[in-house]
Amino acid sequence: MSATITGAREAEPGSRWLRAVFRGLAAIERAGNRLPDPFWLFWILAGIVAVLSAVLAGLHVGAVLPGTHKSVKVQSLLSRDGLVLAVQHAVDNFAQFPPLATVLVVMFGIAVAEKSGLFETLLQRLVARVPGRHLTFALALTAMVSHVAGDAAYVTLIPLGAALYRAAGRSPVLGCVVAFVSVSAGFNASPSLTTTDVLLSSISTAAARVIDPHAIVTPVQNYYFGLASSLLMALVITVVVEKVLARRSDLEPDEPRAAAAGGEPRAIEPTAGQRRALRRTGLVALGFAVLLVAAMVPASSPLRGAHGGIVDSPLFSGMAMVLGVFFTLVGWVHGRLAGTFRGAPDVVRAMADGTRAMAPTLVLFFAISQFLAYFSWTNLGNVLAVKGAEALRDLHLSGWLVLLGIAVLVAVMNLLVTSGSALWALVAPVLVPMLMLVGVHPEATQAMYRVADSVTKCVTPMSPFFMMAVGFLRQYRRSAGIGTLASFTLPVAAVAWVVWVAFFIAWYLLGIPLGVG
């Protein structure tokens, strides 16, 4: 690691403020490397909850829930009942963890679509033959679309970005940077629903039910804001890249190294067969959407909710199943047309491969589910939410000021805890109920979190994808290091944070719906 940091310093520009920033990044990296793996971090936090609950229970700390006027007291996790919860109900805690089943169902479909080659061909098609002057915006906007592929977007788009820029006579180094920063800094901005929508809304629902047992946050309740944000972020990234980064004097690649790497990582333009398969798959996707809309038209449709409602319908509450079926269908169709799938067994194998890729997340989910169960049972979340809400009322702060404070807090925390779902699982049990008590809806808190969680992903060395991007850069420049990439991503992250947060605050103050329902 020291060699990497040394290489980063060698690549730093002479600016004093940039040197200070890189020293700060190196300090963050060293501190972050001393943190345990998130799996162990949640168990450590569970231990802290156990001790804290025992102390506060001994002091008879409690609170009165507004609205219900129900009195709750902190329960000790180290009591007999607490130990029963930890031992006897451990499996139930895991099985009933809301994101577990929903993410798995969606990932089955995502895995089929990815293994069929659909995502790679689609990304190539979206940016092929784009005029050079529009290349940055096209690549950035394609990255927003690619978020539906999850982490696979990094692997596909970064080398593709380098190839596109080189083909257009521009620096492949800049192409790598544009692709990486577009995927990472705009990770929670997307014109389509993604697994992140399902995952975060499930955690938000669990947190909101601390205050309202009937609360539900659906995957589409941030959709309008996410759609608009994808266009905004593509524009912001384009402006910063073209006005700042593209004018740097150190963009030329190390040509001998690039040639030794074996040329371009993959073809840019899809073949005629791939384009044909993509067109026909698009027709199937359109047909699927039309069928869903048609099924929702009759007021008596079983897919509608109570009294003919749409937002509270089985279709929206079962969005994970809808997405899973959709991606499985289009993946299977594309695989058959493109020749990547020969039969039904290939679909099953793709699902199995996708499940294996989810193994680290499932292991983390076990730790998170136990921590959240302990935190909920001890009533620490209720008490902290009420006390925090009382403190906010005493300060007489507006809702948007509180959300702005959350944006700062989450952006800093994200430098060390780079998993968006893990960080939201950590802060949602406190932030969501607390803000509900001062009139801020859960979907607003979640939307502000998504903004702050995205923008700093591209500057922290704690992210495995940051280091992966450094590896891609080294295909074109041997001396590339942490400082090299950070010097490119920092300006984008800084401008994106300011613009995106301001955009959210304006959206919030104008009362524009964040999504459906």
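Residues numbered from 1 in each chain as written. Predicted model: local features only at pLDDT ≥ 70, side-chain atom pairs only at ≥ 80, totals over all residues. Heavy atoms only, no water.

### Points about the overall build of the chain
Summing up its helical and strand segments, the chain has 24 helices and 2 strands in all. Per-residue burial over the chain gives 52% buried out of 517 residues. Sequence separation of at least 24 residues holds for 79% of the intrachain contacts in the chain that already meet a minimum separation of 6. Approximately 22400 Å² of the chain is accessible, and the part contributed by carbon and sulfur atoms is 66%. (Helix = DSSP H or I, 4+ residues; strand = E, 2+ residues; numbered from the N terminus. Buried < 20%, exposed > 50% of the residue type's maximum accessible area, 1.4 Å probe, protein only. Contact = heavy atoms within 4.5 Å. Areas by Shrake-Rupley, 256 points an atom, 1.4 Å probe, with all protein chains shown as cover.)

### Considering the pattern of salt bridges
Summed over the entire model, instances satisfying the criterion amount to 4 salt bridges. For glutamate 242, the salt bridge identified is with arginine 170, shortest N-O distance 3.2 Å. Pair noted here: glutamate 242 is in helix H12 (residues 223-243) and arginine 170 is in the loop between helix H9 (152-167) and helix H10 (172-185), with a separation of 72 residues, a long-range link. A relative accessible area of 23% means that arginine 170 is categorised as partly exposed. Between arginine 349 and aspartate 346 there is a salt bridge; the shortest N-O distance is 2.4 Å. Here aspartate 346 and arginine 349 lie together in helix H17 (residues 344-357), a separation of 3 residues that amounts to about one turn. Overall, arginine 349 belongs to the partly exposed group, its relative accessible area being 49%. (Salt bridge = Lys/Arg side-chain N within 4 Å of Asp/Glu carboxyl O.)

### A word on the environment of alanine 234
With respect to the secondary-structure elements, alanine 234 resides in helix H12. Sequence separation between alanine 234 and serine 182 is 52 residues; the distance between their C-alpha atoms is 7.3 Å. Residues contacting alanine 234, with those up to four places away along its chain left out, are Phe137, Ala140, Leu141 and Met144.

### What to know about the packing of aromatic side chains
Pairs of aromatic rings are described using the distance from one ring centre to the other and the angle between the two planes. Tallying each qualifying case throughout the model produces 14 aromatic pairs. On the numbers, 6.1 Å between centres and 55° between planes, the contact of tryptophan 43 with phenylalanine 366 is tilted. With tryptophan 43 in helix H3 (residues 38-58) and phenylalanine 366 in helix H18 (residues 359-377), the pair connects residues that are 323 residues apart, well separated along the chain. Among the residues examined, tryptophan 43 registers a relative accessible area of 27% and is labelled partly exposed. Each ring, one from phenylalanine 503 and one from tryptophan 507, has its centre 5.6 Å from the other, and the planes form 70°; the classification is edge-to-face. Taken together, the positions of phenylalanine 503 and tryptophan 507, both in helix H24 (residues 482-509) and 4 residues apart, correspond to about one turn of that helix. A cation sits over an aromatic face here: lysine 457 above phenylalanine 187, 5.8 Å from the ring centre. (Phe/Tyr/Trp six-rings, centres within 6.5 Å; stacked < 30°, edge-to-face > 60°. Lys NZ or Arg CZ within 6 Å of the ring centre and 35° of its normal.)

### Here we look at the packing of H10 against H12
Two elements in contact, H10 and H12, have axes whose closest approach is 11 Å; the angle formed by their N-to-C orientations is 150°. Classified by the angle their axes make, H10 and H12 are roughly antiparallel. Seen along the crossing, H10 lies across H12 with a hand that is right-handed. Contacts from Leu174, Val178, Val181, Ser182 and Ala185 of H10 reach H12 at Met233, Ile237 and Val241. Residue composition of the contact of H10 with H12, by class: 7 nonpolar, 1 polar and no charged. (Axes fitted to C-alpha atoms, helices over the stretch in contact; angles between N-to-C directions. Parallel < 35°, antiparallel > 145°, perpendicular 65-115°, else oblique. Left-handed = near helix turned anticlockwise from the far one by under 90°. Nonpolar A, V, L, I, M, F, W, Y, C, P; charged D, E, K, R; others polar.)

### Regarding the side chain of aspartate 453
Tracing the chain through its elements places aspartate 453 in helix H22 (residues 442-455). Only 3.3 Å separates the side chain of aspartate 453 from the side chain of asparagine 188, close enough to count as a polar contact. (Polar contact = N/O pair within 3.5 Å; in protein donor to acceptor, adjacent residues only side chain to side chain.)

### Observations regarding the packing of helix H8 (residues 135-146) against H12
Between two packed helices, both the angle of their axes relative to each other and the distance between the axes serve to describe the pair. Where H8 contacts H12, the axes come no closer than 9 Å and their chain directions differ by 145°. Where H8 crosses over H12, the handedness of that crossing is right-handed. Contacts between H8 and H12 involve Thr136, Phe137, Ala140, Leu141 and Met144 from the first element and Ser230, Leu231, Met233, Ala234, Leu235, Ile237, Thr238, Val241 and Glu242 from the second. A per-class count over the contact of H8 with H12 returns 10 nonpolar, 3 polar and 1 charged.

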